[in-house]
Amino acid sequence: MTEAAKTLCPYCGVGCGLEVLPPALPGKAVNRDSQGHPVWQARGDRAHPSSQGMVCVKGATVTESLDKDRLKYPMMRDSLDQPFRQVTWEAAYDRIVQVLQTVRQTQGPEAICMYGSGQFQSEDYYTAQKLLKGCLGTNNFDANSRLCMSSAVAGYMHSLGSDGPPCCYADLELTDCAFLIGTNTAECHPIVFNRFRKYHKKNKRKVKLIVVDPRRTETAKDADLHLAIRPGTDITLLNGMAHILLDRGQIEPLFIDECTTGFADYAEVVSHYPPEQVAKVCGISVKDLKTAAQYWGESERVLSLWSMGINQSAEGTAKVRTIINLHLMTGTIGRPGSGPFSLTGQPNAMGGREVGGLSHILPGYRLVKNPQHRQEVEQAWQLPSGSIKPEPGLAAWDMMLGLEYGQVGFLWVAATNPAVSMPDIERTKAALRQSPFTVYQDAYFPTETAEFAHVLLPAAQWSEKPGTMTNSERVVTYCAAFRPAPGEAKADWEIFAEVGRRLGFEQQFAFGSAAEVYDEFAQLTQGRVCDMSGISHQRLRLEGPIQWPCPAIETAATAADKYDKRLYTDLIFATPDGRARFAAVHAQGLAEPPSADYPFVLTNGRLYGHWHTQSRTGRIEKIVKMHPAPFLEVNPRDAQKLEIQSGDWVEVRSQRGQAKLKVLVTQSIRRGTVFMPMHWGFLWAEDAECNALTHPESCPISLQPELKACAVQILPLRGEQPEANEILSETELNTLRKPLKSSILSGATTVR
Ligand code: SF4
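Scoring rules and cut-offs
- Residues numbered from 1 in each chain as written.
- Predicted model: local features only at pLDDT ≥ 70, side-chain atom pairs only at ≥ 80, totals over all residues.
- Near = placed C-beta within 6 Å.
- Helix = DSSP H or I, 4+ residues; strand = E, 2+ residues; numbered from the N terminus.
- Nonpolar A, V, L, I, M, F, W, Y, C, P; charged D, E, K, R; others polar.
- Buried ≥ 20, exposed ≤ 12 C-beta atoms within 10 Å, placed from the backbone.
- Pairing = 2+ DSSP bridges.
- Contact = placed C-beta atoms within 7 Å.
- Axes fitted to C-alpha atoms, helices over the stretch in contact; angles between N-to-C directions.
- Domains from an automatic or database assignment.
- Parallel < 35°, antiparallel > 145°, perpendicular 65-115°, else oblique.
- Left-handed = near helix turned anticlockwise from the far one by under 90°.

**Observations regarding the site of the ligand**
Okay, step 1: Looking at the ligand, there are 14 residues lining it, with C9, C12, C16, C56 and G59 nearest.
Okay, step 2: Sorting the residues of the shell around the ligand by element identifies helix 1 (57-61) and helix 6 (190-202) as the ones contributing at least two each.
Okay, step 3: Split by residue class, the shell around the ligand holds nine nonpolar, four polar and one charged.

**Examining unusual backbone geometry**
Okay, step 1: With an omega dihedral of 5°, the bond running from F445 to P446 counts as a cis peptide bond.
Okay, step 2: Of note, P446 is situated in the loop between strand 17 (438-442) and strand 18 (455-458).
Okay, step 3: Of note in the backbone geometry, D564 takes a positive phi value of approximately 60° without being a glycine.
Okay, step 4: Counting through the fold element by element, D564 comes out in the loop between helix 23 (556-560) and strand 22 (580-581).
Okay, step 5: Here D564 falls in the partly exposed class, since 17 other C-beta atoms lie within 10 Å of it.
Okay, step 6: Its identity is not glycine, yet H612 carries a phi of approximately 40°, on the positive side.
Okay, step 7: On the neighbour-count criterion, H612 (24 C-beta atoms within 10 Å) is buried.

**Comments concerning the sheet that holds strand 17**
Okay, step 1: Overall, mixed pairing links the seven strands, which are arranged 5-4-18-17-16-6-7 in an open sheet. Two strands close off the open sheet at either side, each with one partner strand: strand 5 (85-86) and strand 7 (141-143).
Okay, step 2: Judged from the two bridges that link them, strand 4 (residues 75-76) and strand 5 form a sheet pairing that is antiparallel. Across the sheet, residue M75 finds its bridge partner in strand 5, namely Q86.
Okay, step 3: Relative to the sheet, helix 2 (residues 89-106) contacts strand 4, strand 6 (112-116), strand 16 (410-414), strand 17 and strand 18, its axis offset from that of strand 18 by approximately 125°.

**As for the domain arrangement of the protein**
Okay, step 1: Looking at the protein, the domain boundaries give domain 1 (5-65), domain 2 (75-148 + 347-511), domain 3 (151-342) and domain 4 (600-721).
Okay, step 2: Summarising the inter-unit geometry, the C-alpha centres of domain 2 and domain 3 are found 35 Å apart.
Okay, step 3: Broken down by class, the residue content of the side of domain 2 that touches domain 3 amounts to two nonpolar, one polar and three charged.

**Some words on the packing of helix 3 (residues 122-135) against helix 20 (residues 492-502)**
Okay, step 1: The contact between helix 3 and helix 20 brings their axes to 7 Å, and the two run at 25°. With respect to each other, helix 3 and helix 20 are oriented roughly parallel. Considering the relative orientation of helix 3 and helix 20, their crossing is left-handed. Residue-level contacts link E123, D124, T127, A128, L131 and C135 of helix 3 to D492, W493, F496, A497, V499 and G500 of helix 20.
Okay, step 2: Of the residues that constitute the contact of helix 3 with helix 20, the class distribution is seven nonpolar, two polar and three charged.

As structure tokens, then:
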């Protein structure tokens, strides 16, 4: 192979197009990593509509992890205290099918669970949830997207009638005001931010950037207005802004009258949020609050962006709906440069939503609870009526509780690492330890979750299997297989399909290729908001990425506008009456507010280079050098009170656990709040697990846990200091951060 293979970056939901070349090209030296191993070369794909040739450090270095610590063969053991032994696929399948059948007969299908991932390609996701929901008769299929963006899903559904972000990335370059709340876009979705940053720089006078975040992040540094609110006061702020907009008459009465319901109740709620009170609760000045409302109110086109800072909350759905309220009252939705735009965390979290990859949904944005939706899917799957259960299955955290209570007899985890990413990690680990039978399917070994498995299945990953992924702006990209899978690794969907056939569902899993899986799924989207019935592997390979909606029979208009499509441009929403719904909600605040014993709020998040639990990035030298160790950001006044300084060690304790961290004293964090990165599980650092501290209190609607905030105390460690990697000083960190802007690489750059 000498031509570049086109694919998609497998990290975040921005979904940047990549071109990948083999290590050895005719007439050129072999591309090698620092240890001399040949590595594939990745560069941005200029033809990709979403990223236009740009990639960040993660996309540029992703190929370095492809051959490191791969799980190559199926392994088994009878109990967790035994070592794994290599087995054949035949033996692994036999064991899995035998346990599945036993559990189904003795405990019932509801004792079977699968926990999947936004790292799946859509074909993997679709086959997995079909196996559980259609064939095994349980809706207990959930994914790590539950921890990431299920509040956005619920918010869109309740306010607009359907899931589906209505905006596209072109809106970043068309807006008058970008309102970023609960998102460190510059570091977590760098290419999205870079598109906006260039436009903002060119139009400084006209275009405003408001950033709402308790930290002065890289994103906040570019803001015209940074509101460093107290954690958990988002709804107060948003209702307060609505109060001012209403007072000033900066609303769109015609849009409200003709396109929405529930405004009177909403107006009543926001009347209780006068500026002085709101500013006090949020910990910001009245002037800044009024400026935020002014920027929004005076802008014809307003685009809001958010991610985990909003979604990971015990009132996550209400927060999302409160953001959407502001768009509805100002009519800033359904037109260029405007709208509520949730950024998805994982590369195919959007695809997961489309295929039914959560325990309450079915393919094509259908709902488990809806009898007609169940019937449509049962018919498509050629299953008897009633095969799909009418109740939503267990969500991610409920699966852990199910293990704890002894109600789960079979757990299948694939392409995710819950032994690091779940809240209250010691409780999670204890629950996983109690699992009678756990299958763990992943590309890498070791990972933290492998320690809790009875069977390990080697998965082919991105680059080794063809498939599709959908990014945050609804663009579907074909990901080519350009290298063989190591050892006996198989595509996730092939493993699920084989188990399905062995359970007697030959007809339902008679797929000969990933393209056939995709075709079946795409048919199920026909006539739905997320209509992708006009998309196929063949078309994607020939034409490149396609944005949905893309019906099988495209109208002249949709065919002409291949990208930059928006939803609800006719201002008819997906609700039964076509009207969007205002949510009249009061702020609840944090599920675990600070107290006398635990006086600080711990918040957490990603660093620019690392990805989630480091299964890939922990194996990439450049990224490990960039972010060698976890740390705790502390405000100088808090540090003074605690008598600590940068470089000192502290123990951070919550009601559930503790972590030992080096301190970074910085003005970037507000008083009373501390920050630590979320990437370090027990494989990568001792006693530094972020989720040792977090709690599982969840939004009652989206069931997304409040991973973003918990109450902690900080105890300086004055005696013997733990050994750990050197941590960088703030000056050193800033030196590294400076190239952040320049480390957005253009398509011409090949990273070595
Ligand atoms: S922003 Fe970076 S991590 Fe995200 S898709 Fe693009 S290259 Fe990958």
